Amino acid sequence: MDELAQLRKELDDKEPLMKDIKKAGEDIQSKCHSLAEQPMKYWLKVVQTRWDEVSNAVDGKRDDLEKQLNELRLREKMVADLLKYIAEKSNELKVCNETPLPHVMESLDRLIEEHEQFEEAVRQKQSQVDEATKGRRKLVVEQQVKKKGRKALQKHEQPVRHFKSDQLSDRWKKLWIDSMDYGRRLREMKEYLEEKWRERYLLWTDSGKSRISDLFRRIDKSGTGRVSRIAFIDGIIASKFPTTRLEMEKVADEFDKGDGMIDAKEFMAKLRSDYSKKLPMKEKTDNEKITEEVMRQTEQCNCRNRYMIQKVSEGHYRFGETQIKRMVRILRSTVMVRVGGGWVALEEFLHKHDPCRGKIGFLFQLLREKLSCIFFTK
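Residues numbered from 1 in each chain as written. Predicted model: local features only at pLDDT ≥ 70, side-chain atom pairs only at ≥ 80, totals over all residues. Heavy atoms only, no water.

Peer 1: Quick question: what am I supposed to make of the packing of aromatic side chains here?
Peer 2: By the definition in use, this model includes 4 aromatic pairs. Ring geometry for F319 and F349: centres 4.8 Å apart, planes at 65°, overall edge-to-face. Of this pair, F319 sits in strand β6 (residues 316-319) while F349 sits in helix α12 (residues 346-353), placing them 30 residues apart in sequence. The pair formed by F319 and F349 is uniform in burial state, with each residue classed as buried. Taken together, Y317, F319 and F349 form an aromatic cluster joined through their ring pairs. Across from the ring centre of Y85, 4.9 Å away, lies the NZ or CZ of K125, which sits over that ring. Between R329 and the ring centre of W343, over which it is positioned, the NZ or CZ distance is 5.1 Å. (Phe/Tyr/Trp six-rings, centres within 6.5 Å; stacked < 30°, edge-to-face > 60°. Helix = DSSP H or I, 4+ residues; strand = E, 2+ residues; numbered from the N terminus. Buried < 20%, exposed > 50% of the residue type's maximum accessible area, 1.4 Å probe, protein only. Lys NZ or Arg CZ within 6 Å of the ring centre and 35° of its normal.)

Structure (structure tokens):
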């Protein structure tokens, strides 16, 4: 910008001289021989055209640089705001991780719900992060290479590193990983509390010398092998088992398949003695964990044509219609996908690439519902 300003100043200083030259040329043209009139007119036009070209080029370059400078300032502000946002969310996660998890199901469910809202709020910023980190300028580098016994000049592009953008990208990935780690801790604690309820119930029935089948038979007065959710909760509480209605609501959620009924066989199968005292399972390998997580994420898609995730080999998958083979690995108990020169959490990757999960997928689904309503009403 300073160089252009200096060049503009030099042009402005030379403008009186340009006017004098033009005036002198016009005077010569008016007094010259008729045969010289056309050449004089031509060269006067050439001088004026060249002057206008240089002046317009300087002004155009200045306008372009001002526009780029404004865009750069806006992007820097966006990056700064996002870094501040990430710092705030990271501090929230740090406080959550430092706070011991409750051993009460109600409090734990509230934490899980709050964390889901936290992740949804963070997910809303994904588009801004993509906008702030994309479109990095590339520098053209000339390099001499040997080609068939002679040296040739070859040009290739190298990405220019942007410290703030790189910092934003790294901190954003770390925020997602920390968030998923905390969510995993919450889910594991919930599973632990559910398992503790089973152990307490089995110990209680054992100390009272009661059989689980007898207790359930008292609840199942009709003898159908299935009881309503309300009857199940009331029956367990009436049996004097030390519990609360809220805890039993959570237990009923585990056995209720959505029809409001509890099946006796399933209830007893999960609460029999050998179920709680089963031998520890062999620790799963990373590939098994990756396969399970991929299947879990795939099942979350409710589209008729699900987003395709195809396993090519151990640790390599194809996503969607593309033929690109991507590496998948476990990092800090989180399934990560190789993208460019870094790693992205599988859930974050699918949110960006699976149309069903993003804003586009939501619009498609909404449009499909509208069309279905119109079709069936007709």
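Peer 1: Could you clarify how one ought to interpret the sheet that holds strand β8 (residues 334-339) in this entry?
Peer 2: Whether parallel or antiparallel, the strands of a sheet pair through hydrogen bonds between backbone atoms. With respect to topology, 5 strands assemble into an open sheet ordered β5-β6-β7-β8-β9, the strand pairing being antiparallel. Each edge of the open sheet is held by one strand with a lone partner, namely β5 (309-313) and β9 (342-345). For this sheet, the mean inter-axis angle between neighbouring strands, taken without regard to orientation, is 40°. Of the strand pairs in this sheet, β6 and strand β7 (residues 325-331) are connected by 3 bridges, and their pairing is antiparallel. Counted as the bridge partner of H316 is M327 from β7. The strands that α12 touches are β5, β6, β7, β8 and β9; relative to β9, the one it contacts most, it runs at about 85°. (Pairing = 2+ DSSP bridges. Axes fitted to C-alpha atoms, helices over the stretch in contact; angles between N-to-C directions. Contact = heavy atoms within 4.5 Å.)

Peer 1: Can you walk me through the pairing of β5 in this structure?
Peer 2: Each regular strand shows side chains that alternate between the opposite faces of the sheet. Of the pairings in the sheet, the one linking β5 to β6 comprises 4 bridges and is antiparallel in character. By the bridge assignment for β6, K311 is matched with Y317. If you look at the hairpin formed by β5 and β6, you'll find 2 residues sitting between the two strands, and G315 has a positive phi there, around 80°.

Peer 1: What is the right way to look at the packing of helix α11 (residues 286-299) against α12 in this model?
Peer 2: Packed helix pairs are specified by the crossing angle of their axes together with the interaxial distance, meaning the distance between the axes. Two elements in contact, α11 and α12, have axes whose closest approach is 11 Å; the angle formed by their N-to-C orientations is 35°. Of the two elements, α11 crosses α12, and the hand of that crossing is right-handed. Contact residues: α11 offers E293, V294 and Q297, while α12 offers L346, E347 and L350. Split by residue class, the contact of α11 with α12 holds 3 nonpolar, 1 polar and 2 charged. (Left-handed = near helix turned anticlockwise from the far one by under 90°. Nonpolar A, V, L, I, M, F, W, Y, C, P; charged D, E, K, R; others polar.)

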